[in-house]
Amino acid sequence: MHSIRRYPLLVATGLVLATGFAQTGDSSYLDKLPSGDRWIQHLTSDLAPFWTLPAAFGDQPGAFPSVRCDDGSLLDYKRPCPPIAGNSYLLTPAQYLVSVSRQTYGFGVAYHLTGESKYLGYMKAGIDYIRRNAVDRTGGGMFTMLDLSNNSWGPRREFRNPQELGYGLLGLAMYYYLTRDDQVLPDILAIKKYVASSYYSRTLGTMQWMLENNGSQRFDQKQLVADLDQMNTYLVLLAPILPEPQRMEWQQTLALLARSMLGTFYSPGDNLFFTSANTPQDRDLAFSGADFGHTSKALWMLRWTGLMLGDQGMVSFSEAAGRRLFDRAFLPEDGSWAQALLRGGQTDKNKNWWIFAELDQFSATLALSDLTAGRYLPQTTAYWFRYFVDTQYGEVWNGVNYGANTPQRDYPKAWAWKSAYHSFEHALVGYITAQYLHSQPVKLHYAFQQPVDPTLIHPYYFPGRIESLDVVRDSPGNLSQTVSFSGPVPPITPELRTVSGASFLAGPLAAGSIASAFGARLSTDTQTPAAGQVFLATPGTTVAIEDSAGAQWTAPLYSVSSGQVNFLVPAAVAPGNAALTITAKDGATNKARVQIAAVSPGIFQLDPGTALAAANVVRVRADQSQSIEAVYQVGRTGEVSARPIDLGPDGEQVYLTLWATGVLRAQSVAVTVGGQEVGVLYWGPQRLSAGVNLTGMEQVNIGPVPRSLAGAGKVNIVLSADGQTANPVQVSIR
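Turning our eyes to something else, we now look at the pattern of salt bridges. Counted under the stated rule, the structure contains 26 salt bridges. The salt bridge involving R707 is made with D650; its shortest N-O contact spans 3.6 Å. Here D650 lies in the loop between strand 34 (640-642) and strand 35 (653-661) and R707 lies in the loop between strand 39 (698-702) and strand 40 (713-721), a separation of 57 residues in the sequence. Classification of D650 as exposed rests on a relative accessible area of 71%. Put simply, R619, E629, R643 and E652 are held in one network by salt bridges that share partners.

So this is what it looks like as structure tokens:
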């Protein structure tokens with residue numbers, strides 16, 4: 001292993017500290033937010049009738065047809081109805097596991113919200129059908145398609161993909177969540193284990209798409225949904241309620257997939273998740289579009305994962321990125337969500353049913369901790385009820401045309417990838433969040449046949465305190481439970497907000513780290529340190545911290561202005577809940593509660609617009625000589641941009657020095673570059689230049705950079721310290 005010295009930071013323009021922050025919370029929209037009863041009415045009147053027509057059940061119990069006409073009738077292959085006529089894909093005589101599992105899930109949601117036993121019966125029929133026919137008990141995993149022309153299940157295991165396998169588990173997962181049926185759990189555990197062991201590739205840093213090439217379709221494609229759709233179909237729902245050791249194993253899988261998605265598919269500069277990452281162009285808006293749905297769903301799953309793992313860095317990142325996404329996707333002219341950014345960056349203002357639902361769900365979820373994040377919902381939900389619902393036959397259209405507000409009818413309301421999943425989950429999440437936001441209890445129905453630990457009963461993904469649990473036994477002896485939950489009270493956004501001085505993200509502040517505070521009247525003037533100095537000698541403003549042990553500390557200040565103060569959290573501050581008080585020279589006082597942690601990593605950026613990492617390149621040649629290079633270049637007008645890193649000839653190795661804060665006391669640090677794990681050689685204090693020690697600034701040496709990343713273009717660096725995830729940053733590799 002090469003010894004990499006602690007080199008000085010080569011930054012001509014200086015490090016960037018946070019500027020600006022989120023606006024304060026506004027609850028005035030809550031009076032216009034739909035009630036929980038409105039969401040139940042939507043399910044029972046708008047959605048469920050379409051899925052309980054006789055044609056929706058198939059020719060045997062649970063054999064739900066994958067394609068139906070818009071009036072709900074079965075497809076006649078000889079006389080196909082519009083818009084199926086002329087569409088060879090829809091006219092393929094097949095039944096798809098994805099649609100059967102999604103419809104099964106939908107019946108589960110209907111039971112969950114209404115308690116009507118008929119829906120649980122429909123769901124059980126789907127579960128039995130899937131377990132009897134689609135589970136591959138010889139080769140492993142699941143079959144994903146039934147060829148109706150010869151009544152055979154396929155394809156070969158080598159040609160199945162993890163996205164379809166994930167959705168194959170969706171119905172089973174929802175059923176286990178509702179019933180805790182121990183007969184179903186072994187199938188779920190076996191299929192999850194099969195997917196994780198068969199598809200995750202350390203070489204790719206993500207799930208591979210297939211096990212073998214299928215004609216021109218390569219097995220090693222990197223597709224976001226291969227990772228993401230394991231999380232949203234079964235992992236996030238079931239991981240908290242599984243017995244050990246499965247619970248820990250599943251949480252480890254969630255952590256692995258979260259890092260994979262952040263490292264491989266996320267573009268920090270665009271704040272988007274791209275669906276493919278096989279070429280540099282796949283994550284470049286100049287060449288590839290990106291829909292808002294996959295980004296919203298990815299951030300939603302990352303947030304739940306972060307909460308489950310106690311990774312506040314991941315939670316803070318997801319929440320901040322979500323607020324930015326909402327501002328970009330919302331269309332104030334008609335109160336709706338756009339569906340995508342097209343190649344070149346133009347907004348596609350048409351509306352897609354599942355993308356619209358995902359944005360609503362994430363916005364409503366964030367509103368439970370930040371009321372401002374839900375301010376779009378009165379308009380977007382009103383748009384959904386008015387324009388998406390087919391008031392004649394039920395269910396929702398695939399999409400709505402921008403401007404005309406007319407249904408998009410190029411696909412029917414029931415086809416392989418549009419079954420009951422998204423619209424029913426939308427209703428469930430809408431109900432739970434509406435009840436909580438209106439300070440009303442959430443009432444849900446379960447069917448546990450054996451006693452269940454109350455701490456393992458949750459309202460879907462959400463937290464909830466059980467207020468009552470009523471048990472009913474019907475005449476055949478089946479048990480059902482009606483559980484009433486009370487939820488979190490959305491906090492009022494404080495006027496004084498604190499963030500990491502490196503990541504710009506809210507969350508715990510590490511003792512000994514650089515932090516920034518934002519507010520009003522924090523200082524009577526603007527001050528920066530004198531030449532050769534790190535801290536202000538006589539700032540006028542003071543930052544006082546009373547820690548969890550009651551000790552009083554005064555924080556050294558890097559710079560001050562009326563709206564922002566950059567300070568060092570004293571290294572000896574005790575972890576836990578602390579009181580922070582900022583007092584200006586004129587006596588103006590701002591206060592906030594802050595959480596102090598031992599570790600809370602943030603990586604500095606040279607250009608926040610592109611998330612260009614503050615880093616140095618350390619090149620080690622074959623003769624062991626070393627040189628340092630910058631990761632940036634300065635244009636004629638002073639703009640900073642990425643300078644592509646050349647990995648050099650065989651025999652050379654390239655290492656990176658990252659500049660961070662909040663890492664110093666970590667017991668372990670892990671880093672991926674471009675989704676691939678790299679070695680961490682050192683983390684600790686640094687020196688910017690001879691004789692000037694910027695206290696609070698830390699250095700992390702990583703590498704060597706994998707040579708397989710040559711030509712990758714922009715790649716993400718994802719660092720975690722003691723299980724806390726730092727803000728993703730980028731460098732460019734030639």
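Turning to the environment of A414, a few remarks are in order. Structurally, the position occupied by A414 is in the loop between strand 15 (407-408) and helix 13 (421-437). Classification of A414 by relative accessible area gives buried; the value is 3%. The residues touching A414, leaving out its near neighbours within four places in the chain, are F50, W51, S66, V67 and R68.

So, about the packing of aromatic side chains. Taken as a whole, this structure holds 39 aromatic pairs when the rule is applied. Taking the centre distance of 6.2 Å and the plane angle of 80° together, the rings of Y119 and Y122 count as edge-to-face. Of this pair, Y119 and Y122 are both found in helix 3 (residues 117-133), three residues apart, which corresponds to roughly one turn of the helix. The exposure class of Y119 is buried, given its relative accessible area of 5%. Y122 gets classed as partly exposed once you look at its relative accessible area, which sits at 25%. With a centroid separation of 5.8 Å and 50° between ring planes, the pair formed by F326 and W337 is classed as tilted. You can see F326 sitting in helix 10 (residues 312-329) and its partner W337 sitting in strand 10 (residues 336-337), a full eleven residues away along the chain. In this structure, F326 and W337 share a single accessibility class: buried. Each member of the aromatic cluster is reached from another via a ring pair, and the members are Y177, W300, W304, Y446, F448, Y460, Y461 and F462. For the cation-ring pair, K413 lies above W397, with the distance from its terminal atom to the ring centre recorded as 5.3 Å.

Glancing now at the nonpolar core. In terms of nonpolar packing, the biggest core is built from 149 residues, with M174, L238, F273 and Y460 touching the most fellow members. Dropping the residues within four chain positions of it, L238 is found in contact with A173, Y176, Y177, I188 and W250. The next biggest cluster of nonpolar side chains, apart from the first, holds 45 residues, and it includes A614, L694, M697 and A726.

Another aspect to go through is the pairing of strand 31 (residues 615-620). With six of its six residues buried, strand 31 lies for the most part within the structure. Alternating residues of strand 31 divide into A615, V617 and R619 and N616, V618 and V620, and every residue in both groups is buried. Pairing of strand 31 with strand 32 (residues 626-630) involves five bridges; the strand directions are antiparallel. Along strand 32, the bridge assignment pairs R619 with S627. Where strand 31 folds back on strand 32, the antiparallel hairpin that results is connected by five residues, among which Q624 adopts a positive phi of roughly 75°.

It is a probe the size of a water molecule, rolled over the atoms, that shows where empty space is left. Here the largest pocket defines a volume of roughly 800 Å³. Q312, E319, S369, R497 and A506 are the residues nearest the centre of the largest pocket, which is lined by 30 residues in total. Looking at the lining of the largest pocket, the elements with two or more residues in it are helix 9 (292-309), helix 10, strand 19 (497-500) and strand 27 (589-597). If one sorts the elements of the lining of the largest pocket by residue count, helix 10 sits on top with six residues. For the lining of the largest pocket, the per-class residue count stands at 16 nonpolar, eight polar and six charged.

The subject of this paragraph is the sheet that holds strand 2 (residues 145-147). Strand order in this open sheet of three strands is 1-2-3, and the pairing throughout is antiparallel. Edge positions in the sheet fall to strand 1 (94-96) and strand 3 (152-154), since each of these pairs with one other strand and no more. Pairs of neighbouring strands in the sheet enclose a mean axial angle of 25°, with direction left out of account. Both strand 2 and strand 3 contribute to a ladder of three bridges, which runs antiparallel. When the sheet's bridge partners are listed, M145 is paired in strand 3 with G154.

Rules and cut-offs
- Every chain begins its residue count from 1, and numbering advances along the sequence as written.
- In keeping with the predicted nature of the model, local features appear solely for residues at pLDDT of at least 70, side-chain atom pairs appear and are counted solely at 80 or more, and the whole-chain, interface and lining totals rest on all residues.
- Note that the side-chain values use all heavy atoms of the structure and ignore hydrogens as well as water.
- We define a salt bridge as a contact between a side-chain nitrogen of Lys or Arg and a carboxyl oxygen of Asp or Glu at a distance within 4 Å.
- Secondary structure elements are defined from DSSP: runs of H or I of at least 4 residues count as helices, runs of E of at least 2 residues count as strands, and each element is numbered from the N terminus.
- For the exposure calls, accessible area comes from a 1.4 Å probe over protein chains only, and a residue counts as buried if that area is under 20% of its type's maximum, exposed if over 50%, partly exposed in between.
- Residue contacts follow a heavy-atom distance rule, with two residues in contact if any of their heavy atoms lie within 4.5 Å.
- For this analysis, a ring pair means two rings from Phe, Tyr or Trp (six-membered ring only for Trp) whose centres lie within 6.5 Å, classed as stacked if their planes differ by under 30 degrees, edge-to-face if by over 60, and tilted for the remaining angles.
- We call a charge positioned above a ring when the Lys NZ or Arg CZ atom is no farther than 6 Å from the ring centre and deviates by at most 35 degrees from the ring normal.
- Here, nonpolar core means buried Ala, Val, Leu, Ile, Met, Phe, Trp, Tyr and Cys residues that are tied together by side-chain atoms lying within 4.5 Å of each other.
- Strand pairing requires that DSSP identify at least two bridges connecting the strands.
- Definitions used for this entry: grid spacing 1 Å over protein atoms alone; cavity, a set of points where a 1.4 Å probe fits but cannot get out; pocket, an open set with protein on both sides within 12 Å along at least 5 of 7 lines; lining residue, one with an atom within 4 Å of a point.
- Grid points are joined across faces, edges and corners, and a volume is the space filled by probe spheres set on the points.
- For this scheme, ten residues count as nonpolar: Ala, Val, Leu, Ile, Met, Phe, Trp, Tyr, Cys and Pro. Four count as charged, namely Asp, Glu, Lys and Arg, and the remainder, Gly too, count as polar.
- Convention adopted: a line fitted to C-alpha atoms gives each axis, helices being fitted over their contacting stretch, and angles between N-to-C directions are expressed from 0 to 180 degrees.

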